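Below are the chains, spelled out letter by letter.
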Amino acid sequence: MNTIEMRNTHLKRNKNALYKDIYVDGMPFQASLKKRYPLEFSTGRYREEFIPRLMSKWNNINHSSEIQNLNIIAPIYGCHDNCCMYLFAEIEYTDAEVKWLRIAQDSNHLGIKNNEMEPLVWLNDFKNLVFDKSEYQKICC
């Protein structure tokens, strides 16, 4: 099982600008994605740092312990101004676990002109992440 937590950190371009970031298995999740998928995170807004958006979507769902076998596509990262969502996860909620099945980029922010792609572009070969539901709820609620 993977671990997930929210930690205080700072922007790379401004060491005084503090914000919270998602850490999976002790590593910043966005840094892990950028390292694993360098081409996909080299253009457009994907070169920038992202702000977690897990909480807003989770709060829209009745997060009682009775939620099980629910699949949704939800934003996990957005811009600093809270107006754009960049990264999404296909999330499966079961009685005891929360699974991130796939991660996608919003094609509108890939910097491609005359973009006729699907709205979401899924990252290839993403390995599922499985979190303890009670631990996941601590960072989302």
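Everything here concerns the structure above.
Worth saying up front: this structure is predicted, and the values here are computed from it rather than measured.

1. Quick word on the pattern of salt bridges
1) Next: Summed over all chains, the structure comprises 4 salt bridges.
2) Next: With its nearest N and O atoms 2.9 Å apart, the salt bridge here joins Arg 7 to Glu 5.
3) Next: Residue class for Arg 7 comes out partly exposed when judged on its relative accessible area of 32%.
4) Next: The salt bridge involving Lys 138 is made with Glu 135; its shortest N-O contact spans 3.0 Å. Pair noted here: Lys 138 and Glu 135 are both in helix 3 (residues 133–140), with a separation of 3 residues, about one helical turn.
5) Next: Since its relative accessible area comes to 59%, Lys 138 is described here as exposed.

2. Structural notes on helix 3
1) Next: Taken together, the buried positions of helix 3 are Lys 133, Tyr 136, Gln 137, Ile 139 and Cys 140. Axial view of helix 3: buried residues confined to an arc of 165°, hence all on one face.

3. Some words on the packing of aromatic side chains
1) Next: Tallying each qualifying case throughout the model produces 10 aromatic pairs.
2) Next: Judged by centre distance (5.9 Å) and plane angle (80°), the rings of Phe 41 and Tyr 46 are edge-to-face. Neither Phe 41 nor Tyr 46 differs from the other in exposure class; each is buried.
3) Next: Consider the rings of Phe 50 and Tyr 77, whose centres lie 5.7 Å apart with planes at 50°: the pair is tilted. Residue Phe 50 is located in the loop between helix 1 (29–36) and strand 4 (51–52), and its partner Tyr 77 is located in strand 5 (residues 70–78); the two are separated by 27 residues in the primary sequence. Assigned by exposure class, Phe 50 and Tyr 77 land together as buried.
4) Next: Lying across the ring of Phe 50, Lys 34 places its NZ or CZ 4.5 Å from the centre.

4. Some remarks on the nonpolar core
1) Next: Counting 32 residues, the largest nonpolar core has Phe 29, Leu 54, Trp 100, Ile 103 and Tyr 136 as its most contacted members.
2) Next: Setting aside residues up to four positions removed in sequence, Ile 103 forms contacts with Phe 29, Leu 33, Ile 76, Leu 87, Phe 88, Ala 89, Val 121, Trp 122, Leu 123 and Phe 126.

The rules behind each value
Residues numbered from 1 in each chain as written. Predicted model: local features only at pLDDT ≥ 70, side-chain atom pairs only at ≥ 80, totals over all residues. Heavy atoms only, no water. Salt bridge = Lys/Arg side-chain N within 4 Å of Asp/Glu carboxyl O. Buried < 20%, exposed > 50% of the residue type's maximum accessible area, 1.4 Å probe, protein only. Helix = DSSP H or I, 4+ residues; strand = E, 2+ residues; numbered from the N terminus. Arc of directions from axis to C-beta. Phe/Tyr/Trp six-rings, centres within 6.5 Å; stacked < 30°, edge-to-face > 60°. Lys NZ or Arg CZ within 6 Å of the ring centre and 35° of its normal. Core = buried A, V, L, I, M, F, W, Y, C linked by side-chain atoms within 4.5 Å. Contact = heavy atoms within 4.5 Å.

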